[in-house]
Structures are given as C-alpha cells and as structure tokens.
Amino acid sequence: MRILKFGGTSVGNYERINSVIEIVKSYLKHKERLAVVCSAFGGITDLLAVSAKKAAVNDNSYLDTLNEIKSLHLFTLKKLIPGQKGKQPNIKLRLYLEDLQNLLTGLYSLKELTPRSLDFVMSHGEILSCFIISETLKARGIQCDFLDTRSVIKTNNNFGKAKVNFDLTNSLIKKYFSDHRKLQIATGYISST
C-alpha cells in the first residue's frame, strides 16, 4: 500500500485540491492500493484555535472567524462539485459546520476552554477538508472512503500533547485496511482516546 500525504498548502484552495486529485488519479492508474492523508486547508487550524479562544472569553467576534471558515469550505465545495452533484455534499458539509458552530457556542456560554475542547475544535479542519476531497473524488467517479482517523489512531488523554498507543493503533489500522479495500481519504493530525 502506498500512502500519500498532502499538507495544508497542498489543499489550500480548490485549484490545489484539483491538482491533488490529478496526482491521486495518476497513482490509481497503476492499480496501486492507496491511502491519501490530508491536512486542514491552509490556515484553518489556526482560525479554529482563534475562534475557540475568542468564544471562551465571550468575544462574540468568534462568529466572524467562524463565518470565514464556513465561507471558505462552502465556496471550495461549490467550485469542486458544481450544480446538482454538489447538493447532497453541501447538505452534509453544512451539518459538519453546524456541529462546529454549536461547539463554539457552547464554549462562549461556558466561558471556558480546556485542552480537550480546544483539541476537539481544531480537529474539525481535517474533517472538513477530507470530507470535501472525498466527496469531490466520488463526484468525479472515483470510488473512495472518507476515513476519520479518530476511529483507528488511539492515544492517551494528555490533551494538547497526546501520545499514540501504537499497539492498539497498529491493530486497528491493520483491521480497518483489511476490511476496506477502496481508496481511503484519511484525516491527518487527529486521533482519539
């Protein structure tokens, strides 16, 4: 199996995502088994952290930062999957964004930001990015699965500085990939306890 990793700059906008898709397609022509690990769009992890920190100190400008995050992802999806094909992915993307907004609203109400909640907020960047990329591939006729790596990469609960439990993680990854033979679009950076 070959693993391709694309960082935030590589998936920074819809043109770059189109380039990533062309690279993926070139590997698929060789009939290689493939997993593609993608980061959040360039700058999004920082914006997520800023919005969480603003929300936790009752600075309602977190909504401006959140709207910037929402706009970028919705615009990118629309450019990558225009028209009717983009309707269902748009609905699901809006649900992910609504979950993020609810989380930030909770931080605003509680006036609190723990390392655990900050990690959770920041994980949304990879989820949004990989969801958009996997849906774009599907819309273009390339079968793939969206792998939220929180299901296979397990850590301790030292939030902000978690350590991977390699024995459990390796076992879960082996099992997952033995059961899932399609192209995998996997989140980078995130895991779970």
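Note that the structure is predicted; figures quoted are calculated from it, not measured.

### Here we look at the layout of surface pockets
And then number 1: The computed volume of the largest pocket comes to approximately 470 Å³.
And then number 2: The wall of the largest pocket is formed by 20 residues, among which Asp 119, Phe 120, Phe 159, Ser 191 and Ser 192 lie closest to the centre.
And then number 3: Tallied by class, the residues present in the lining of the largest pocket amount to eight nonpolar, eight polar and four charged.
And then number 4: Size it by volume and the second largest pocket reaches roughly 170 Å³.
And then number 5: Along the walls of the second largest pocket sit 13 residues, with Val 37, Thr 149, Ile 153, Ala 186 and Thr 187 positioned nearest its centre.

### Section: the side chain of Gln 184
And then number 1: Within the secondary structure layout, Gln 184 lies in strand S4 (residues 183-187).
And then number 2: Here Tyr 176 takes part through its side chain, which lies 2.5 Å from a polar atom of the side chain of Gln 184.
And then number 3: Beyond its immediate chain neighbours, meaning those up to four positions away, Gln 184 contacts Leu 34, Ala 35, Val 36, Asp 145, Leu 147, Tyr 176 and Phe 177.

### Remarks on the pattern of salt bridges
Side-chain pairing between opposite charges can occur once the charged atoms of the two side chains come close.
And then number 1: As enumerated under the stated definition, the model contains six salt bridges in all.
And then number 2: Lys 182 is the salt-bridge partner of Asp 145, the closest N and O atoms lying 3.5 Å from each other. A residue pair is termed long-range when its members are at least 10 positions apart, and Asp 145 in strand S3 (residues 144-147) and Lys 182 in the loop between helix H6 (166-179) and S4 qualify at 37 residues.

### Section: the packing of helix H2 (residues 44-56) against helix H3 (residues 62-80)
And then number 1: Interaxial distance between H2 and H3 falls to 8 Å at its minimum, and their mutual angle equals 150°. Judged by the angle between their axes, H2 and H3 are roughly antiparallel. The interaxial crossing formed by H2 with H3 has left-handed handedness. Contact residues: H2 offers Ile 44, Leu 47, Leu 48, Val 50, Ser 51, Lys 54 and Ala 55, while H3 offers Tyr 62, Thr 65, Glu 68, Ile 69, Leu 72 and His 73.
And then number 2: Of the residues in the contact of H2 with H3, the class split is eight nonpolar, three polar and two charged.

### Here we look at the sheet that holds strand S2 (residues 34-38)
One key point about sheets: their strands pair by backbone hydrogen bonds, in either a parallel or an antiparallel sense.
And then number 1: In space, the four strands of this open sheet follow the order S1-S2-S4-S3, with parallel pairing throughout. The open sheet terminates on both sides in strands that have one partner only, identified here as strand S1 (2-6) and S3. Each strand of the sheet is rotated relative to its neighbour by a mean of 20°, with strand direction disregarded.
And then number 2: Strand direction decides the pairing type here: S2 and S4, joined by four bridges, are parallel. From the neighbouring strand, Val 37 faces S4, where its bridge partner is Ala 186.
And then number 3: Sheet contacts for H6: S2, S3 and S4; angle to S3, the most-contacted strand, approximately 155°.

### Structural notes on the nonpolar core
And then number 1: Judged by nonpolar contacts, the single largest core of 46 residues is most densely connected at Val 36 and Leu 183.
And then number 2: Put simply, the parts of the chain that give this core at least two residues each are S1, helix H1 (14-28), S2, H2, H3, helix H4 (87-110), helix H5 (115-139) and S4.
And then number 3: Here the element with the most residues in this core is H5; it accounts for 10 residues.
And then number 4: Once residues within four sequence positions are removed from consideration, Leu 183 is found in contact with Val 24, Leu 28, Leu 34, Val 36, Leu 137, Ile 142, Gln 143, Cys 144 and Asp 145.
And then number 5: Counting residues in each nonpolar core, the second largest holds seven residues, with Ala 35, Leu 147, Val 152 and Ala 186 among its members.

Reading the values: the criteria
- Residues numbered from 1 in each chain as written.
- Predicted model: local features only at pLDDT ≥ 70, side-chain atom pairs only at ≥ 80, totals over all residues.
- Heavy atoms only, no water.
- 1 Å grid on protein atoms, 1.4 Å probe; cavity = no way out; pocket = protein on both sides within 12 Å on 5 of 7 lines; lining within 4 Å.
- Points joined across faces, edges and corners; volume = space filled by probe spheres on them.
- Nonpolar A, V, L, I, M, F, W, Y, C, P; charged D, E, K, R; others polar.
- Helix = DSSP H or I, 4+ residues; strand = E, 2+ residues; numbered from the N terminus.
- Polar contact = N/O pair within 3.5 Å; in protein donor to acceptor, adjacent residues only side chain to side chain.
- Contact = heavy atoms within 4.5 Å.
- Salt bridge = Lys/Arg side-chain N within 4 Å of Asp/Glu carboxyl O.
- Axes fitted to C-alpha atoms, helices over the stretch in contact; angles between N-to-C directions.
- Parallel < 35°, antiparallel > 145°, perpendicular 65-115°, else oblique.
- Left-handed = near helix turned anticlockwise from the far one by under 90°.
- Pairing = 2+ DSSP bridges.
- Core = buried A, V, L, I, M, F, W, Y, C linked by side-chain atoms within 4.5 Å.
- Buried < 20%, exposed > 50% of the residue type's maximum accessible area, 1.4 Å probe, protein only.

So yeah, pure geometry; function would need other evidence.
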